[in-house]
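# Coordinate inspection notes
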Amino acid sequence: MLSPGLKLQIRQELIAAQIDAFMENELLAGHTSLGVGGPADFVVIVRSQEELLSLLEIGKTFGVRPFVLGCGTNLLFSSRGYRGLVMKLGGHFNRITIRGSLVAAGAGASLPRLARMASARSLTGLSFAAGIPGTVGGAIKNNAGAFGREMAQVVQEVEICSLKGEMRTFSAKDLHFGYRFCRLPMEGIICKAILKLERGEKEDILRKMEEYRRIRREKQPIGKRTAGSVFRNPPQGSAAQYIEQAGCKGLAIGGARISPQHANFIENFANATSDDIEILIEEVQKKVREIHGLDLDLEMEIVACKKD
Ligand SMILES: Cc1cc2nc3c(=O)[nH]c(=O)nc-3n(C[C@H](O)[C@H](O)[C@H](O)COP(=O)(O)OP(=O)(O)OC[C@H]3O[C@@H](n4cnc5c(N)ncnc54)[C@H](O)[C@@H]3O)c2cc1C
């Protein structure tokens, strides 16, 4: 953790900047879908551009780089937590406005909410996203996708605030989208995106969304504490199949297990710790390497706590 003196100074600066939506020693377990993760020195809800700029300034002054957290649905935080500032975008960053087939979405807005709003306006292109439980910012950063569609196909431009507080707009091609990732052209925070959708038939869009939801309910451990797919699919095939063939389905370490429903999901089924999950990941990687001679790469992101 940061020293008590440094924390006091940061607290005073936050209050002076009128950033009052912050929590200290906040357990990250409550901010992630896996429900694990130790305390962060500060979790700050940033509600406007002014607050964002002030927070970045505070981070710079004290040499503490903020980590931007969406809904925490693709993250594993260490049980030692996070030293420094974790920021979540709220308020102004949750706004969504739709004009014709162009959508302006704040990076803190919920992706499923955006997909529902688009369907209500008979706009197609985001049906795949209805069951992806994150924010617009997280979805762009990860180029989230499902059922053969991904964010890269709808993002037109993105507004990014650099760590120095400079706002710039980039077109989709500047983001170098790839399989479940994008490379931001400058280090910073995605603040807003313009998405280009297409006109469609509302009935068809709603039917497709319901169909996708049904497939998820059948095949995935929906409602359990997971972070979605743990491993990327290798070019040769499906990670879930390799894991299952390596005999790992149901394998448990402490309170974490490979989902009996879908082998590429890890469930926190009984108060798992971050270590349980990390050890389980390593165990699966080892078994798949032994049986298939294949290295599985992580899709989920592990956020390590630097040593004090
Ligand atoms: C039940 C379940 C089903 C899922 N299904 C899918 C699926 O079908 N397809 C899929 O792709 N994923 C899926 N996921 C994984 C996850 O929901 C997506 O990756 C999602 O896009 C992550 O968004 P988030 O807001 O939770 O991001 P987080 O997990 O909070 O963060 C992910 C990364 O994005 C960065 N980030 C977040 N916001 C910003 C921002 N504003 N600016 C810059 N960086 C930012 C974070 O720093 C972090 O590096 C699933 C997860 C669950 C729990």
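Residues numbered from 1 in each chain as written. Predicted model: local features only at pLDDT ≥ 70, side-chain atom pairs only at ≥ 80, totals over all residues. Heavy atoms only, no water.

Going by the annotation in an unreviewed UniProt entry, the name recorded for the chain is UDP-N-acetylenolpyruvoylglucosamine reductase, with Candidatus Hakubella thermalkaliphila given as the source organism. In its Function (unreviewed entry) section, the UniProt record describing the chain reads: "Cell wall formation." The Subcellular location (unreviewed entry) comment attached to the chain in UniProt states, word for word, "Cytoplasm". (UniProt positions renumbered as here; feature names shortened; annotations may be inferred.)

### Quick notes on the site of the ligand
As a matter of local geometry, the ligand sits amid 33 residues, with Val68, Thr73, Thr135, Gly145 and Glu301 nearest to it. One nitrogen or oxygen atom from the main chain of Gly70 is found 2.8 Å from an oxygen atom belonging to the ligand. Between the ligand and Asn74 there is a distance of 2.9 Å, counted from an oxygen atom to a backbone nitrogen or oxygen. Taking 980 Å² as the accessible area of the ligand by itself, protein coverage stands at 94%. Per-element tally for the shell around the ligand: the top contributor is helix α4 (residues 136–141), with four residues. Of the residues in the shell around the ligand, the class split is 15 nonpolar, 14 polar and four charged. (Near = heavy atom within 4 Å. Polar contact = N/O pair within 3.5 Å; in protein donor to acceptor, adjacent residues only side chain to side chain. Areas by Shrake-Rupley, 256 points an atom, 1.4 Å probe, with all protein chains shown as cover. Helix = DSSP H or I, 4+ residues; strand = E, 2+ residues; numbered from the N terminus. Nonpolar A, V, L, I, M, F, W, Y, C, P; charged D, E, K, R; others polar.)

### Some words on the UniProt feature "active site" (unreviewed entry) in the chain
Under the feature "active site" (unreviewed entry), the UniProt entry names Arg180, Ser229 and Glu299. The greatest C-alpha distance among the residues just named is 10.8 Å, despite their covering 120 residues of sequence, which places them together in space. Considering the arrangement of structural elements, one finds Ser229 in the loop between α5 (202–219) and α6 (239–245). Residue Ser229 is classed as partly exposed on the basis of its relative accessible area of 23%. If we skip the residues at most four places from it in the chain, Ser229 touches Asn74, Asn264, Phe265, Glu299 and Met300. As for its placement among the helices and strands, Glu299 is situated in the loop between α7 (274–292) and β18 (301–303). Those residues in contact with Glu299 that sit more than four places away from it in its chain are Asn74, Tyr179, Arg180, Ser229, Val230, Phe231 and Arg232. (Buried < 20%, exposed > 50% of the residue type's maximum accessible area, 1.4 Å probe, protein only. Contact = heavy atoms within 4.5 Å.)

### Quick word on the domain arrangement of the chain
When the parts come together, some accessible area is lost, and that loss is often what is quoted as the size of the interface. Looking at the chain, the domain boundaries give domain 1 (4–89), domain 2 (94–206) and domain 3 (221–303). Taking only C-alpha atoms, the centre of domain 1 and the centre of domain 3 are 29 Å apart. Between domain 1 and domain 3, the residue contacts involve 14 residues of the former and 19 residues of the latter. Counting the surface lost from both domain 1 and domain 3, the interface buries some 1300 Å², and carbon and sulfur atoms represent 56% of this. The largest contributions to the domain 1 side of the interface with domain 3 come from Leu34, Asn74 and Leu76, which together make up 51% of the buried area. Across the contact surface, domain 1 and domain 3 share zero salt bridges. Run the count over domain 1 and domain 3 and you get nine residue pairs in polar contact (both at pLDDT 80 or more). Sort the elements by how many residues they give to the side of domain 1 that touches domain 3 and strand β4 (residues 75–77) lands first, with three residues. In the side of domain 1 that touches domain 3, the residues fall into seven nonpolar, seven polar and no charged. (Domains from an automatic or database assignment. Buried area = accessible area lost by both parts, 1.4 Å probe. Salt bridge = Lys/Arg side-chain N within 4 Å of Asp/Glu carboxyl O.)

### Digging into the environment of Leu197
With respect to the helices and strands, Leu197 occurs in the loop between β13 (188–196) and β14 (198–199). For Leu197, a relative accessible area of 0% corresponds to the buried category. Linking Leu197 and Lys7, residues 190 residues apart in sequence, is a C-alpha distance of 45 Å. Among residues more than four places away in sequence, those in contact with Leu197 are Ser101, Val103, Ala118, Leu123, Thr124, Gly125, Leu126 and Val154.

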